[in-house]
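Understanding the architecture of this molecule
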Amino acid sequence: MLSLLSLGGPVVAILLAMSIVSLTITLLKLHQFKVARIGDRRTPQQALRLYEAGRSREALGLLAETRNPTARVLALAIQGRLHQDCAESKLREEVARVGRDLLEDLRCYLRPLEVIAALAPLLGLFGTVLGMMEAFPRMAQAGSQVSPAVLSGGIWEALMTTAVGLAVAIPAVAVLSWLERSIERLGHEMESA
């Protein structure tokens, strides 16, 4: 790690800091998804079947046992339907608002992950350009006595920053894509329920 920092300089230091932030966000989102039971599709479906069979109280009891966002929105809709004085248009608006709020909570911190995924390769390329700018004057000073070691050492240092930038960006893009797709699927499940 220290050799990477010494060879890559401040660009690699920034990229390593970005990788720590990216990893932290990933772990935070995984914990949030686990606590919210995002993968629990069975409970809302069972509750919906109970509701359709006229067993609303049982459906609400089942939904109360999970923190799944779809289950929470479905519970709100069933409770609203049980109250005869609640207008359907108001109920739809409230259920949609709560659903949007729950989805927005799941989207928090995705923007920084997106920025890291976009900037890491650019910073790596920037480091490469800086490294090449440092290597070429050394070659110019050597004149006709340019050693392949001087050239390859400078290029190796320059390209290392690109590799570090890609190593930070690739996992960030993969995680971001998975998180966004999971939230999109959850939104569809909410609408469907």
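Only a predicted model underlies this, so the values are computations on that prediction, with no experimental measurement involved. (Residues numbered from 1 in each chain as written. Predicted model: local features only at pLDDT ≥ 70, side-chain atom pairs only at ≥ 80, totals over all residues. Heavy atoms only, no water.)

One can describe the packing of helix α4 (residues 56–63) onto helix α5 (residues 69–82) by two numbers: an axis separation of 9 Å at closest approach and a directional angle of 150°. Taken together, the axis directions place α4 and α5 in an arrangement best described as roughly antiparallel. Two packed elements cross with a definite hand, and for α4 against α5 that hand is left-handed. Residues Ser56, Arg57, Ala59, Leu60 and Leu63 of α4 form the contact with α5, whose own contacting residues are Ala71, Leu74, Ala75, Ile78, Gln79 and Leu82. Within the contact of α4 with α5, the residues separate by chemical class into 8 nonpolar, 2 polar and 1 charged. (Axes fitted to C-alpha atoms, helices over the stretch in contact; angles between N-to-C directions. Helix = DSSP H or I, 4+ residues; strand = E, 2+ residues; numbered from the N terminus. Parallel < 35°, antiparallel > 145°, perpendicular 65-115°, else oblique. Left-handed = near helix turned anticlockwise from the far one by under 90°. Contact = heavy atoms within 4.5 Å. Nonpolar A, V, L, I, M, F, W, Y, C, P; charged D, E, K, R; others polar.)

The backbone of arginine 37 shows a phi angle near 55°, a positive value even though the residue is not glycine. Take arginine 37: it is sitting in the loop between α2 (10–35) and α3 (42–52). In this structure arginine 37 comes out as partly exposed when scored by relative accessible area, which is 41%. (Buried < 20%, exposed > 50% of the residue type's maximum accessible area, 1.4 Å probe, protein only.)

Turning our attention to the pattern of salt bridges. In total, this model carries 8 salt bridges according to the counting rule given. The salt bridge involving glutamate 94 is made with arginine 97; its shortest N-O contact spans 2.6 Å. With glutamate 94 and arginine 97 both in helix α6 (residues 88–107) and 3 residues apart, this pair spans about one turn of that helix. Note that arginine 181 is salt-bridged to glutamate 184, the shortest N-O span being 2.9 Å. With arginine 181 and glutamate 184 both in helix α8 (residues 148–192) and 3 residues apart, the pair spans about one turn of that helix. Its relative accessible area of 41% is what places arginine 181 among the partly exposed residues. (Salt bridge = Lys/Arg side-chain N within 4 Å of Asp/Glu carboxyl O.)

Okay, the packing of aromatic side chains next. Across all of its chains, the model carries 1 aromatic pair by this definition. The interplanar angle of 40° and the centroid separation of 5.9 Å between the aromatic rings of phenylalanine 33 and tryptophan 178 together place this pair among those described as tilted. On the criterion of sequence distance, the pair formed by phenylalanine 33 in helix α2 and tryptophan 178 in helix α8 is long-range, its members being 145 residues apart. Judged by relative accessible area, which is 6%, phenylalanine 33 ranks as buried. (Phe/Tyr/Trp six-rings, centres within 6.5 Å; stacked < 30°, edge-to-face > 60°.)

Once that is clear, we can look at α4. Residues separated by three or four positions in an α-helix point in the same direction, a consequence of the helix having 3.6 residues per turn. Turning to α4, its buried residues are Ser56, Ala59, Leu60, Leu62 and Leu63. Along the axis of α4, the buried positions cluster into a sector of 160°, meaning they face one direction only. Looking at the packing, one finds that the buried side of α4 touches α3 and α5. (Arc of directions from axis to C-beta.)

Let's shift gears to the nonpolar core. Of all hydrophobic cores here, the largest spans 32 residues; its most connected members are Leu15 and Met18. Taken together, the elements giving at least two residues each to this core come down to α2, α6, α7 (110–142) and α8. Top contributing element to this core by residue count: α8, with 10 residues. Counting 10 residues, the second-largest nonpolar core is a separate cluster that includes Ala47, Ala59, Leu63 and Ala71. (Core = buried A, V, L, I, M, F, W, Y, C linked by side-chain atoms within 4.5 Å.)

A few words now on the environment of leucine 159. Considering the arrangement of structural elements, one finds leucine 159 in helix α8. In this structure leucine 159 comes out as partly exposed when scored by relative accessible area, which is 48%. The spatial distance from the C-alpha of leucine 159 to the C-alpha of threonine 128 is 5.4 Å, given a sequence separation of 31 residues.

It is worth spelling out the side chain of threonine 26 at this point. Summarising the element assignment, threonine 26 is placed in helix α2. By relative accessible area, which is 15% here, threonine 26 ends up buried. Within polar-contact distance, the side chain of threonine 26 engages the backbone oxygen of serine 22 at 2.8 Å. If near-sequence neighbours (up to four positions away) are discounted, threonine 26 is found in contact with Leu113 and Val175. (Polar contact = N/O pair within 3.5 Å; in protein donor to acceptor, adjacent residues only side chain to side chain.)

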